[in-house]
Amino acid sequence: MPAFIPITIYLNHRSMLVASIADAETALQQPWPFMDKPSRLEAIRMIEECLAGHCSHQAAFRCL
């Protein structure tokens, strides 16, 4: 069973499947309508923490 269910997000009129932490990292690097929104910045921080081995994939994915 996967750590989480893949989700589809829509950025700039394009869909993007987020099925892994690497996908989430890629998605968060894309231009967002509000680049400095606190929730986006927190998601980036959690993805970095996960990749460094400091939190679980589930914790990082909840931030998306």
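Above this note sits the structure.
Residues numbered from 1 in each chain as written. Predicted model: local features only at pLDDT ≥ 70, side-chain atom pairs only at ≥ 80, totals over all residues. Heavy atoms only, no water.

Student: Break down helix H1 (residues 21–28) for me, citing the residues and quoting the values.
Tutor: Looking at H1, one finds that the buried residues are Ile21, Ala24, Ala27 and Leu28. Looking down the long axis of H1, one finds its buried residues gathered within 115 degrees of arc, a one-sided arrangement. (Buried < 20%, exposed > 50% of the residue type's maximum accessible area, 1.4 Å probe, protein only. Helix = DSSP H or I, 4+ residues; strand = E, 2+ residues; numbered from the N terminus. Arc of directions from axis to C-beta.)

Student: Any chance you could break down the side chain of Arg40 for me, citing the residues and the numbers?
Tutor: With respect to the helices, strands and loops of the structure, Arg40 is situated in helix H2 (residues 38–51). Among buried charged residues, Arg40 stands out as having no salt bridge; its nearest opposite-charge side chain is Asp36, 5.7 Å away. When sequence neighbours within four positions are dropped, the list of residues in contact with Arg40 reads Leu28, Gln30, Trp32, Phe34 and Met35. (Lys, Arg positive; Asp, Glu negative; His and termini not counted. Salt bridge = Lys/Arg side-chain N within 4 Å of Asp/Glu carboxyl O. Contact = heavy atoms within 4.5 Å.)

Student: Got a sec to walk through the pattern of salt bridges? Specific residues and values, please.
Tutor: All told, the structure shown has one salt bridge when counted by the stated rule. The partner of Glu42 in a salt bridge is Arg45, and the shortest N-O contact between them spans 2.8 Å. Of this pair, Glu42 and Arg45 both sit in helix H2, three residues apart, roughly one helical turn.

Student: Just give me the short version of the nonpolar core, but keep the residues and values in it.
Tutor: Of all hydrophobic cores here, the largest spans 13 residues; its most connected members are Ile9, Val18, Ile21, Ile47 and Ala60. Contributing elements (two or more residues each) for this core: strand E1 (7–11), H1, H2 and helix H3 (57–62). Not counting the four nearest positions on each side in its chain, Ile9 is found in contact with Arg14, Ser15, Met16, Val18, Ala27 and Trp32. (Core = buried A, V, L, I, M, F, W, Y, C linked by side-chain atoms within 4.5 Å.)

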